[in-house]
Amino acid sequence: EASFDELLADPAALGHFDLVIAHGVWTWLDGPARAALARLLREATAPGALVYLGYNAAAGWAAIEPFRALVASLAAGRRGPAGEQAIREARGFFGLLDEANAGLLRAAPGLSRFTRRLSLFPMDYLAHEYLPAGAGACWPHEVAEALAPARLGYLGAARLTDNFDRLNFPAPVRERLAEAE
């Protein structure tokens, strides 16, 4: 029960780990906390260690980014019940957009489906996902760059099949990827 910076004060007390699992942490940290976690991973992992870092990947969350951005804007400076009110306001606004068949939702079917399901999510889940300052989905290259000072490299996606282009892309896309540097 300590911050990353507090743990870094005496890294020898932690020891060195061969396996570190941090699921559902990175996405909800701001920049300084992410940097502190990277420093901690550098100090606390043994050579050749495996680090599993679960986070919300931007590619999967891109469709609902407008909702997250509106919640962040409305919630700026609000905490507790006031933060939850920001979520209610954003949920109401997106419900209005959906009822009006607004262009944004016509252009983004994933966002439209998400908007229609918003009332099914409990408030504590929505608060967890959308209220943390600095929180948000990340692209894998951003995470890899942030972890480079920790001497950690990208191994692959946690879902095994996501690591095989042949299973995820049609031939013309694979050919184009093969041409890329």
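Residues numbered from 1 in each chain as written. Predicted model: local features only at pLDDT ≥ 70, side-chain atom pairs only at ≥ 80, totals over all residues. Heavy atoms only, no water.

A. Local environment of the packing of aromatic side chains. Per the stated rule, a full pass over the model turns up eight aromatic pairs. Judged by centre distance (6.0 Å) and plane angle (90 degrees), the rings of Phe-93 and Phe-94 are edge-to-face. When its relative accessible area of 3% is taken as the criterion, Phe-94 is described as buried. Between Phe-114 and Phe-121, the ring centres sit 5.9 Å apart and the planes meet at 35 degrees, which makes this aromatic pair tilted. Given a relative accessible area of 5%, Phe-114 falls into the buried group. The structure contains a cluster of three or more aromatic residues connected by ring pairs, namely Trp-61, Phe-67, Phe-93, Phe-94, Phe-114, Phe-121, Tyr-125 and Tyr-130. (Phe/Tyr/Trp six-rings, centres within 6.5 Å; stacked < 30°, edge-to-face > 60°. Buried < 20%, exposed > 50% of the residue type's maximum accessible area, 1.4 Å probe, protein only.)

B. Representation of the side chain of Asn-56 in the model. Mapping Asn-56 onto the fold places it in the loop between β2 (45–54) and α4 (58–61). Residue classification places Asn-56 among the buried residues on the basis of a relative accessible area of 13%. At 3.2 Å, the side chain of Asn-56 forms a polar contact with the side chain of Glu-129. Not counting the four nearest positions on each side in its chain, Asn-56 is found in contact with Thr-27, Trp-28, Trp-61, Glu-129, Ala-137 and Cys-138. (Helix = DSSP H or I, 4+ residues; strand = E, 2+ residues; numbered from the N terminus. Polar contact = N/O pair within 3.5 Å; in protein donor to acceptor, adjacent residues only side chain to side chain. Contact = heavy atoms within 4.5 Å.)

C. Looking closely at the environment of Leu-74. Checked against the element boundaries, Leu-74 lands in helix α5 (residues 65–75). Take Leu-74: its relative accessible area is 26%, and that puts it in the partly exposed class. Taking C-alpha positions, Leu-74 is 20 Å from Arg-117, a pair spaced 43 residues apart along the chain.

D. Region of the structure containing the packing of α5 against helix α6 (residues 81–99). Packing of α5 against α6 brings their axes to within 9 Å, and their N-to-C directions diverge by 135 degrees. As the angle between them shows, α5 and α6 are arranged oblique. As α5 packs across α6, the resulting crossing turns out to be right-handed. Across the interface between the two elements, Pro-66, Phe-67, Leu-70, Val-71, Leu-74 and Ala-75 from α5 touch Ala-86, Ile-87, Glu-89, Ala-90, Arg-91, Phe-93 and Phe-94 from α6. When the residues that make up the contact of α5 with α6 are grouped by side-chain class, the tally is 11 nonpolar, no polar and two charged. (Axes fitted to C-alpha atoms, helices over the stretch in contact; angles between N-to-C directions. Parallel < 35°, antiparallel > 145°, perpendicular 65-115°, else oblique. Left-handed = near helix turned anticlockwise from the far one by under 90°. Nonpolar A, V, L, I, M, F, W, Y, C, P; charged D, E, K, R; others polar.)

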